[in-house]
Amino acid sequence: MSKVDEFEELRPLLFSIAYRILGSVGEAEDAVQETWLRFDDSSTRPTSTKAFLSAAVTRISIDVLRSARVRREEYVGPWFPEPLLSDPYQDPARAVELADSVSMAALLLLERLSPLERAAFVLREVFGFGFDEVATAVGRSEAACRQLLVRARRHMEAGRPRFEADHQVRQELATRFFDALKNGDMGGLRELLAADVQLVGDGGGKAPQLARAVIGAENVARLLASVFDRMARIDVTFEPHELNGQPGAIVHDRDGKVLHTLTLEVLDGQIQAIRSVINPDKLGHVGPVADAWAITREMKQTRRR
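In this report, we go over the structure that sits alongside the text. Everything quoted here is computed from the prediction, not taken from an experiment.

1. A look at the packing of aromatic side chains
Consideration 1: Within this structure, the stated rule accounts for 8 aromatic pairs.
Consideration 2: Here the aromatic rings of Trp 36 and Phe 39 are separated by 6.2 Å at their centres, their planes lie at 70°, and the arrangement is edge-to-face. In this pair, Trp 36 and Phe 39 both sit in helix H2 (residues 25–41), 3 residues apart, roughly one turn of the helix. Phe 39 carries the same exposure label as Trp 36, and that label is buried.
Consideration 3: Ring centres 5.7 Å apart and planes at 80° place the aromatic pair Phe 228 and Phe 238 in the edge-to-face group. Highlighted residues: Phe 228 in helix H11 (residues 217–233) and Phe 238 in strand S3 (residues 237–240), separated in sequence by 10 residues.
Consideration 4: Of the residues examined, Phe 228 reaches a relative accessible area of 8% and is grouped as buried.
Consideration 5: An aromatic cluster of three or more residues is present, and its members are Phe 7, Trp 36, Phe 39 and Phe 52.
Consideration 6: Cation over ring: Lys 50 sits above Phe 129, and NZ or CZ is 5.4 Å from the ring centre.
Consideration 7: Of note, Arg 275 hangs over the ring of Phe 80, and the distance from its end group to the ring centre comes to 5.7 Å.

Structural data, given as structure tokens:
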């Protein structure tokens, strides 16, 4: 195989590693591209192309994450990962680990780890790399990597998110939720929401966002019914779509541009959390981005009328 063919065959794996370390589609794509440049510039063929490229993309991602941590400390409001429409890498033998690790809740939990802990956890626990490969990727001894993994597992187990295991159950509940939202059915919404459900938005100071998390079934149902009723009046629509392996939707303005995304966390037959990403910087890969400020102004005018 040519270098290009080898790289393209492994591209889905490389992106999936980078996205889990970085929580950003754009930064993950950049890390993969930088990995290709290093591979193309190398004068010798590695014994294992997979090991070489995986190590390269991991090291690049660690460096990017360290600088990103500084930016995230100054981020306005809650920070969420960029929504992922679909994971390009599939491995039936590790389907559960791959699905769980890409959820919004899991990625937020990974944010608590140091860059090295996060990389070690992703390579070992999610993708099943050997400790020798993990050590090469993060630039530490195997013994040090085992310690990194022990600390990472401790943090992850303490707050590990739980989801409805049955994919069909999740989708059926999501369908009922969006039907109730579309019809302005307050009672239907309340039935589907957990008593302590949370609605949280990520605007990054670049789009209208909630001042704080909205908590409680009654409060969340009332807010959603009110907002989506006004949105419907100005032809805003939502397209149910799986995001980060969980049920959700992409919200469009009347021109089909992306206003924001919603993801639902489902457990025990109820929605435990609703996360909205409205920061335009995080939506470019989903499609052309709408002007959220203009939509908000139009909604206010409609409300006054």
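2. Comments concerning the nonpolar core
Consideration 1: Ile 17, Tyr 19, Phe 121 and Phe 127 are the most contacted members of the largest nonpolar core, which totals 49 residues.
Consideration 2: If one sorts the elements of this core by residue count, helix H1 (residues 3–22) sits on top with 10 residues.
Consideration 3: Setting aside chain neighbours within four positions, we find Phe 121 in contact with Leu 110, Leu 113, Val 126, Leu 149, Ala 152, Arg 153, Met 156 and Arg 160.
Consideration 4: Ala 180, Leu 181, Val 197 and Val 236 belong to the second-largest nonpolar core, a separate cluster that totals 36 residues.

3. Here's the deal with the packing of helix H6 (residues 115–126) against helix H8 (residues 142–159)
Consideration 1: Two elements in contact, H6 and H8, have axes separated by 9 Å at closest approach and are oriented at 90°. It follows that H6 is roughly perpendicular to H8 by the angle criterion. Contacts from Leu 116, Glu 117, Ala 120, Phe 121, Arg 124 and Glu 125 in H6 reach Leu 148, Leu 149, Arg 151, Ala 152, Arg 153, His 155 and Met 156 in H8.
Consideration 2: Per-class residue counts for the contact of H6 with H8 are 7 nonpolar, 1 polar and 5 charged.

4. What about the pairing of strand S6 (residues 270–277)?
Consideration 1: With 6 of 8 residues buried, S6 is to be regarded as a mostly interior element.
Consideration 2: Pairing of strand S1 (residues 193–202) with S6 involves 6 bridges; the strand directions are parallel. Looking across to S6, one finds that Asp 202 is bridged to Val 277.

5. Brief notes about the side chain of Ser 16
Consideration 1: Residue position: Ser 16 is located in helix H1.
Consideration 2: We classify Ser 16 as buried; its relative accessible area is 1%.
Consideration 3: Other than its neighbours up to four places away in sequence, Ser 16 contacts Asp 87, Pro 88, Tyr 89 and Phe 127.

6. Looking at the sheet that holds S3
Consideration 1: On the basis of which strands lie adjacent, the open sheet formed by 6 strands has the order S2-S1-S6-S5-S4-S3 and mixed pairing. Single-partner strands in this sheet number two, and they are strand S2 (214–215) and S3.
Consideration 2: Taken together, the 5 bridges between strand S4 (residues 248–252) and strand S5 (residues 258–267) define a ladder with antiparallel strand orientation. Paired with Val 251 across the strands is His 260, a residue of S5.
Consideration 3: Where helix H9 (residues 167–183) meets the sheet, it contacts S1, S3, S4, S5 and S6, and its direction lies at approximately 130° from that of S5.
Consideration 4: This element, H11, spans S1, S2, S3, S5 and S6 of the sheet and lies at about 50° to S1.

7. Comments concerning H11
Consideration 1: Across its 17 residues, H11 extends 24 Å between first and last C-alpha, which sits within 8% of the 24 Å expected from 1.5 Å per residue.
Consideration 2: Downstream of H11 by one or two residues, Asp 235 has phi in the positive range, about 65°.

8. Quick word on the pattern of salt bridges
Consideration 1: Counted by the stated rule, this structure contains 19 salt bridges.
Consideration 2: Here Arg 20 makes a salt bridge to Asp 87, at a shortest N to O gap of 2.6 Å. With Arg 20 in helix H1 and Asp 87 in the loop between helix H3 (49–73) and helix H4 (95–101), this residue pair connects regions lying 67 residues apart in the sequence.
Consideration 3: Overall, the relative accessible area of 16% leaves Asp 87 in the buried class.
Consideration 4: The residue Arg 275 makes a salt bridge to Glu 265 at a minimum N-O spacing of 1.8 Å. Placement of the pair is Arg 275 in strand S6 and Glu 265 in strand S5, with a sequence separation of 10 residues.

About the thresholds
Residues numbered from 1 in each chain as written. Predicted model: local features only at pLDDT ≥ 70, side-chain atom pairs only at ≥ 80, totals over all residues. Heavy atoms only, no water. Phe/Tyr/Trp six-rings, centres within 6.5 Å; stacked < 30°, edge-to-face > 60°. Helix = DSSP H or I, 4+ residues; strand = E, 2+ residues; numbered from the N terminus. Buried < 20%, exposed > 50% of the residue type's maximum accessible area, 1.4 Å probe, protein only. Lys NZ or Arg CZ within 6 Å of the ring centre and 35° of its normal. Core = buried A, V, L, I, M, F, W, Y, C linked by side-chain atoms within 4.5 Å. Contact = heavy atoms within 4.5 Å. Axes fitted to C-alpha atoms, helices over the stretch in contact; angles between N-to-C directions. Parallel < 35°, antiparallel > 145°, perpendicular 65-115°, else oblique. Nonpolar A, V, L, I, M, F, W, Y, C, P; charged D, E, K, R; others polar. Pairing = 2+ DSSP bridges. Expected span 1.5 Å × (residues − 1). Salt bridge = Lys/Arg side-chain N within 4 Å of Asp/Glu carboxyl O.

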